[in-house]
Amino acid sequence: MHPALMEVLARHGTDRSDLIPILQDAQAAIGYLPKDVMADIARHLNVPEAAVFGVASFYAQFYFEAQGKHRVRVCRGTACHVRGSAQVRRLIESKLKVKEGQTTPDLLFTYETVACVGCCALSPVMMVDDKYFGRLTPEQADAVIDDYMRQARAEEPNGTTALGR
Amino acid sequence: MERLRSAADLAALKARIRQQPRRRLTTLCLCDTGCRALGSVPVREALLKEFAARPELAATLRFQRTGCHGFCEAGPLLAVRPQGILYVRVKAEDVPEIVQATLKGEVVDRLLYVDPATKQPVRLERDVPFYRNQTRLVFRHCGQVDPESIEDYLALDGYEGLAKALAEMTPDQVIAEVTASGLRGRGGAGFPTGRKWQLCRASAGDTKYLICNADEGDPGAFMDRGVCEGDPHAILEGMLVGAYAIGCNHGYIYCRAEYPIAIQHLTTAIADAEALGLLGDNILGSHFSFHLKIKQGAGAFVCGEETALIASIEGRRGMPRTRPPFPAQAGLFGKPTNINNVETFACVPPIITQGASHFASMGTERSKGTKIFALAGKVKNTGLVEIPMGATLRQIVFDIGGGIPKDRQFKAAQMGGPSGGCVPAQYLDLPIDYDSLQEVGAIMGSGGLIVVDEDTCMVELARYFLDFVQSESCGKCVPCRVGTRRMLEILTRITKGQGKEGDVDLLEEIGRTVKVGSLCGLGQTAPNPVLSTIRYFRNEYEAHVRDKRCPARVCRDLVTYRIDPEKCIACGKCKKACPAEAVEGERKVKHRILQDKCVRCGACFEACPVDAVLVA
């Protein structure tokens, strides 16, 4: 069993109502829900694997594949929609060369759209991980992504900025 | 802090807290929730640094992080209390100046809100037009208290409603009071709260559950988020009163995972209330016990529907089921269950402390109290707005919202999110309540209010909502699963210029079928945005279908961009902006758009400094 999963299961009971919290914590610890992890959760709760997969696949929050280091979420809520979120989305899609739900091959970004992040007054809004970027133009979105790319290069052990240290 | 064992203990603690010297200090209240998206974090850090560097400040001033002040458009917001001075669009570098001015009893004029009507800076929050026309009842603490401090809540009227209910009222009297207040469910349907509680109270069974629905999923609505983040104890207190009245010992707050700050503040609130004995066994020395847990949603819009929400808490796929049995008879784990929305619970403490008659003195005959609207879209002052029921759309959009940017025309307000409908300009003076909105084809819903102007295409707006509900449909019942998909296909082809004669009638026919045939509220209301836009803007649909024209010039496949040679100054900016190399010409040679290459992205339109790019 995945060692992180063992820790997660130790924190939870074996009631069916523990399933979604377990899935949430397992994903937080591992990054996504691999098949064998879901099978182990099914054994822990004594429910069929299909029940676990059925629940996991119902909710948008759960992933079955490895995700990027940064999650870029562009809001397509009503307010963002009327204030031009489509242009922001087109910019991100062409810049990262990904479609909705996909992860860049370097595992740096996963790109998603969300129905509404709940700060419509700041539309159009994009989130990178837990940070909000409001009143965006495509140019600003471009600069935000560039910042994260630069930061990632700086953190690489062989990155140019790290060489001098 | 010690556990409180009686109402007298609570009163004594409240008196002690109110005596704290810091309660008399001038307080800098920074919105540190919604305003984070606008850069409140650096302001918070600058304030903390300033106070750390100048320990002498602590004698006269203090800094407090608060929840949402509501006026999102002008954030980050910082209010100086008790003076009531409001600073807007505050930046980290403004902090030393604000601190210095406050110490001297002065005001930083350049950071005040400027009233666009008078061009004069407005010193006090309550005089800003956005606030002047509001009645803040549910929001009365938001922007005043630190949401993670139970002491702040207790220093005001916090937990007085609970104490009064436990000490002076029987459960039936509590229900009678809530019934008399005329409170109706704020989640959308408007079912009378007192009657809902009565039904669950009357159900047989020892174990009953109380659930707070904080799965606010309507795109365009964020008031529940504002309350959860800004005044979480008010929700806890409302739930405690409800649990006492109904006879529930266990409760859940079902909050969507997309609201991490709300979850954090609610978690803190629950822990603090437990430590004081305001949650747990034998609350305030009574026989009433109540245990509260948070359940995080996992990203499914349909889980806002009560039977789907219950399935989700039970660890199942969040799919609605047929009713009856209603949750009041057989809900969570098969036990009688009462579900109310965040805003509904937050209305309860003032009803108990101030009495039903005070609450019922606001509003219209059949809709009492206040309602929070999330004002967004094409309006100058976006944010959260609380008004008495019965106020008009004109008051919200123009008096509070400041009207439409760039002096464009108000076209409609989309009310109630994807379950609601549009309210066109001819109803600007309609008093808004549950019933009047229903009559014009919209709904109160959760209170999302998106303003659209002449540049918004109503067909595209309807398509957008259909796209949302279609992808959020759980797929259990056929009318919703298939009907919304067929409607989306028709709307998509209309916006692409491939609409056929009869499409609009077909949309109406399918829409009516989906409404009557669907199992839950999602499907029953999903066609509303389409039906109401057809009702009021049929001509726009017909322009798309017959003339292959988008009157608002929004639908990309139906617009063309062209450069006016009279106006073009041949600066090359549009050529540089064009991603498709569709602009011909060079410096000093007037530009032209090659229609076969144009991808209709609008980049040239945005780039042109002299408005020479025409859209048709």
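Structure: above.
Every value quoted in this text rests on a predicted model; they were computed, and no experiment measured them. (Residues numbered from 1 in each chain as written. Chains lettered and ligands numbered in written order. Predicted model: local features only at pLDDT ≥ 70, side-chain atom pairs only at ≥ 80, totals over all residues. Heavy atoms only, no water.)

Q: Before we move on, can you summarise the overall build of chain B with the specific residues and values?
A: When helices and strands are counted, chain B shows 23 helices and 19 strands. Here the C-alpha radius of gyration of chain B, 27 Å, is about what a compact globule of 616 residues would show, namely 25 Å. The C-alpha extent of chain B, read off along each of the three principal axes, is 85 × 65 × 40 Å. Looking at the 616 residues of chain B, the share that counts as buried comes to 61%. Restricting the contact set of chain B to residue pairs at least 6 apart, pairs at least 24 apart contribute 71%. (Helix = DSSP H or I, 4+ residues; strand = E, 2+ residues; numbered from the N terminus. Rg over C-alpha atoms; globule rule 2.2 N^0.38 Å. Buried < 20%, exposed > 50% of the residue type's maximum accessible area, 1.4 Å probe, protein only. Contact = heavy atoms within 4.5 Å.)

Q: Account for the packing of aromatic side chains, with residues named and values stated.
A: Applying the stated criterion across every chain, the model contains 15 aromatic pairs over all chains. The interplanar angle of 35° and the centroid separation of 5.2 Å between the aromatic rings of Phe53 of chain A and Phe64 of chain A together place this pair among those described as tilted. Of the two residues, Phe53 of chain A sits in helix α4 (residues 49-58) while Phe64 of chain A sits in the loop between α4 and β1 (70-75), which places them 11 residues apart along the sequence. Given a relative accessible area of 42%, Phe53 of chain A falls into the partly exposed group. Lying across the ring of Tyr259 of chain B, Arg256 of chain B places its NZ or CZ 5.0 Å from the centre. (Phe/Tyr/Trp six-rings, centres within 6.5 Å; stacked < 30°, edge-to-face > 60°. Lys NZ or Arg CZ within 6 Å of the ring centre and 35° of its normal.)

Q: So what's going on with unusual backbone geometry? Residues and values would help.
A: Residues and elements named next belong to chain B. A cis amide bond, omega -5°, links Gly75 with the succeeding residue Pro76. Along the polypeptide, Pro76 turns up in the loop between β2 (61-66) and β3 (78-81). Residue Pro82 follows Arg81 across a cis peptide bond; omega there is 10°. On the secondary structure map, Pro82 appears in the loop between β3 and β4 (85-87). Positive phi, close to 45°, is recorded for Asn282, a residue that is not glycine. Within the secondary structure, Asn282 is located in the loop between α11 (260-275) and β9 (291-296). Backbone geometry places Phe333, a non-glycine residue, at a positive phi of 50°. As for its position among the elements, Phe333 is in the loop between α12 (306-313) and β10 (337-341). According to the relative accessible area criterion, Phe333 is partly exposed, its value standing at 33%.

Q: With reference to specific residues and values, describe the environment of Asp142 of chain A.
A: Residues and elements named next belong to chain A. Relative to the helices and strands, Asp142 is located in helix α7 (residues 138-155). The spatial distance from the C-alpha of Asp142 to the C-alpha of Val88 is 8.6 Å, given a sequence separation of 54 residues. When sequence neighbours within four positions are dropped, the list of residues in contact with Asp142 reads Leu91 and Lys95.

Q: Lay out the sheet that holds strand β8 (residues 250-255) of chain B with the relevant residues and their values.
A: All names here are of chain B. Overall, parallel pairing links the four strands, which are arranged β9-β8-β7-β10 in an open sheet. Here the strands that pair on one side only, and so sit at the sheet edges, are β9 and β10. Averaged over all neighbouring strand pairs, the angle between strand axes comes to 20°, with direction disregarded. The pairing of β8 with β9 spans six bridges and is parallel. Its bridge partner lying in β9, Gly251 is registered against Leu292. Lying over the sheet, helix α13 (residues 342-354) contacts β7 (209-214) and β10, oriented at roughly 90° with respect to β10. (Pairing = 2+ DSSP bridges. Axes fitted to C-alpha atoms, helices over the stretch in contact; angles between N-to-C directions.)

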